[in-house]
Each structure stands twice: as C-alpha cells, then as structure tokens.
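Next come the chains, spelled out residue by residue.
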Amino acid sequence: MRGLVIKNTGSWYTVRTDDGRDVESKVKGNFRLKEIRSTNPVSVGDRVDININNEGTAFITHIEDRKNYIIRRASNLSKQSHIIAANLDQAMLIVTVNYPITTTVFIDRFLATAEAYRVPVKMIFNKVDRYKGEEKEYLDAMMNLYTTIGYPCSTLCAKTGEGLEELKAELKDKITLLSGHSGVGKSTIINKLVPGVNLRTGDISEYHNKGMHTTTFSEMIPLPEGGYLIDTPGIKGFGTIEMETAEISHYFPEIFKFSADCKFSDCSHRHEPGCAVLKALEENYISESRYKSYLSILEDKEEGKYREEY
C-alpha cells in the first residue's frame, strides 16, 4: 500500500495512505538508503510503500525517488546527515534580526543547501513590530541584499497578523517547509494559519537571546486552503554536508556568476591571481557577509566540522 510520511517521532513514522488512513509504521532494521549515511533513512514528505500487519501497524518496505530534500549535518563532528524534509515545492526561512538573532552565516548555509538540492526558498522576516532605529535599518539592508541576489523577501508580524494573508496565498496547494531558529515564531505562524492546531509556543531566553525548542519532531500539517506546512524542530546550527569543494561556489548565485570570468577554471576565490570573484568583492558587487559564509563552508570541508553557533 502507498502513502505519504506525515510525521516522524524518532523510531515511528505516521504514514497517510492513499485511501486516507493514518498508519503508525516502522523501518526494518536492515533498511538503508543507498549512498546517504543518514540518521533518518525515512523523512517527512517521503512517498513510501508499506505492509500493514495484523496489529494495524506497518513496516515501510520502499521509498520512492525524491524530487529534492533539505539535509544538514546531524550533529557537531558527525559524519552522518539528517534529512529535514523531502519532496518540497518550496521552503520558507523565518528570520528575525533580533529576539533571537539570525546570523547571516546561518541564513547562507541554509540557502546554499537549498540551492544544492533544488529547493526554492523565500525569506520571511518576522517580528517587524519590534524593530526600531538600527535594527530597522539592518532589516532593510538584509532584505535589499537577499532580494538583489534573487531570494524573494517579505515581512511579517505573526503576533498581530500583519502580512499573514499574503503568506497564506503563497502556501496554497504547496508542500512548504517552514524553517529557522527556535524562537523566530514558527509555531505562532502555524497556529494563526491553521486554527485549532494549538502548537506550543516558547519563550526567548533573556540571557542568551535564543529560542527554546517547542517542536520535538517533524510533522506535515494540512492547510485549510490546501497544501501542507512542514513544521520541524528549530535549528541551532546548520552544518553543510555532501558538498564537493569545487561546487560550493555554485550554490552562491552571485559568486557563481562572477566566477565565469576567473583566470583559472579551478579558482577557489581565495588568493588566486585573476580572480573575478575577489575583484567583485573589492568593488562591492559581492557582500562581505556572503563571502564570509562561502569561506566558512569551505573551511567545513577542509576541517571536517562545523561550528555550533552558526
């Protein structure tokens, strides 16, 4: 029987079958995806085949080929990956310039991974009611930077509902991953979009200015207007994985564009003579923050690690 994985709580997966039943399912011990060393061989968003047993639970016997997915390194120093969600129409990255701070390095790592796996991303800047003075200027600069690169950006105040109708229209009939740090307002957004879902919302730690985890598993939530929202636990760090060093620049659209004019075809854009990327950086066609993010992913590859604070 075929179905869609709509929830993952660790060792159990909820599969919604094509005839509308929700079946609690497990993966057989010897079941492993080819070529992906993952902590979760099955992901929310996967289309699967299941065999239902007499108790009404099932074993997952086959995963259909994925059209795309978002993946991250499972934990610090880990060589394994964690697939966040599969078969996405789009991802919405919820960003807060403060309360808590979302760093540009975190944003760029998420965007580069989405580029690598062909997932379109839109950035939603939440909590706009709280920003004044320098924070508001920084918000405008961030939106200008990412819009110029080619990532659509919009603002939202989940608390008051400002910008919610526009967001609703963009989610209709699509499978959308909602991602971002803990505390950026994902649960509040979902509670507003799906009346009655009642996700727990968390506080921001005043000491660390970081969000507390409220979602502990990944789940596909049906939208009243059609489509699904995939809610995932807030991500503290985003360790990139499965990227070849020579390809990393391809996942930064503006760096890739200028790299066509580099003197050497294998230019790393760090020190080589005739590097068009370094020239563009010097002339402010490429932002310092984006270039720093590019270097940080290169360093990951060389040192075999990522830094948790990203």
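Conventions used here
- Residues numbered from 1 in each chain as written.
- Predicted model: local features only at pLDDT ≥ 70, side-chain atom pairs only at ≥ 80, totals over all residues.
- Heavy atoms only, no water.
- Buried < 20%, exposed > 50% of the residue type's maximum accessible area, 1.4 Å probe, protein only.
- Helix = DSSP H or I, 4+ residues; strand = E, 2+ residues; numbered from the N terminus.
- Arc of directions from axis to C-beta.
- Contact = heavy atoms within 4.5 Å.
- Core = buried A, V, L, I, M, F, W, Y, C linked by side-chain atoms within 4.5 Å.
- Domains from an automatic or database assignment.
- Pairing = 2+ DSSP bridges.

The next thing to look at is helix H3 (residues 164–171). Among the residues making up H3, those that are buried are Leu 164, Leu 167 and Leu 171. Buried residues along H3 cover an arc of 60° about the axis, so they all sit on one side. In H3, those exposed residues whose orientation departs by more than 90 degrees from the buried face are Glu 165, Glu 166 and Ala 169. On its buried face, H3 is in contact with strand S8 (90–95), strand S9 (121–125), strand S11 (174–179), helix H4 (186–193) and strand S15 (227–231). Positive phi appears at Asp 173, one or two residues downstream of H3, with a value of about 65°.

Now for the nonpolar core. With 35 residues, the main nonpolar core has Met 123, Phe 125, Tyr 146 and Leu 177 as its most contacted residues. Secondary structure elements with two or more residues in this core: strand S1 (2–8), strand S7 (81–86), S8, helix H1 (104–116), S9, helix H2 (133–149), S11 and S15. When residues are assigned to domains, this core turns out to be shared by domain 1 (2–65) and domain 2 (70–231), each giving three or more. Residue contacts for Phe 125: discarding those within four places in its chain leaves Val 95, Val 97, Leu 139, Met 142, Met 143, Cys 153, Ser 154, Thr 155 and Leu 156. Listed in part, the 25 residues of the second largest apolar core include Ile 71, Tyr 251, Cys 275 and Tyr 294.

This next bit is on the pairing of S15. The element S15 is largely enclosed, with a buried count of 5 among its 5 residues. Across 5 bridges, S11 lies against S15 in parallel orientation. Within S15, the residue paired with Leu 178 across the bridge is Asp 231. Strand direction decides the pairing type here: strand S14 (residues 218–222) and S15, joined by 4 bridges, are antiparallel. Residue pairing in the sheet places Ile 221 in a bridge with Leu 229 of S15. Linking S14 back to S15 in an antiparallel pair, the connection comprises 4 residues, with Gly 226 at a positive phi of about 110°.

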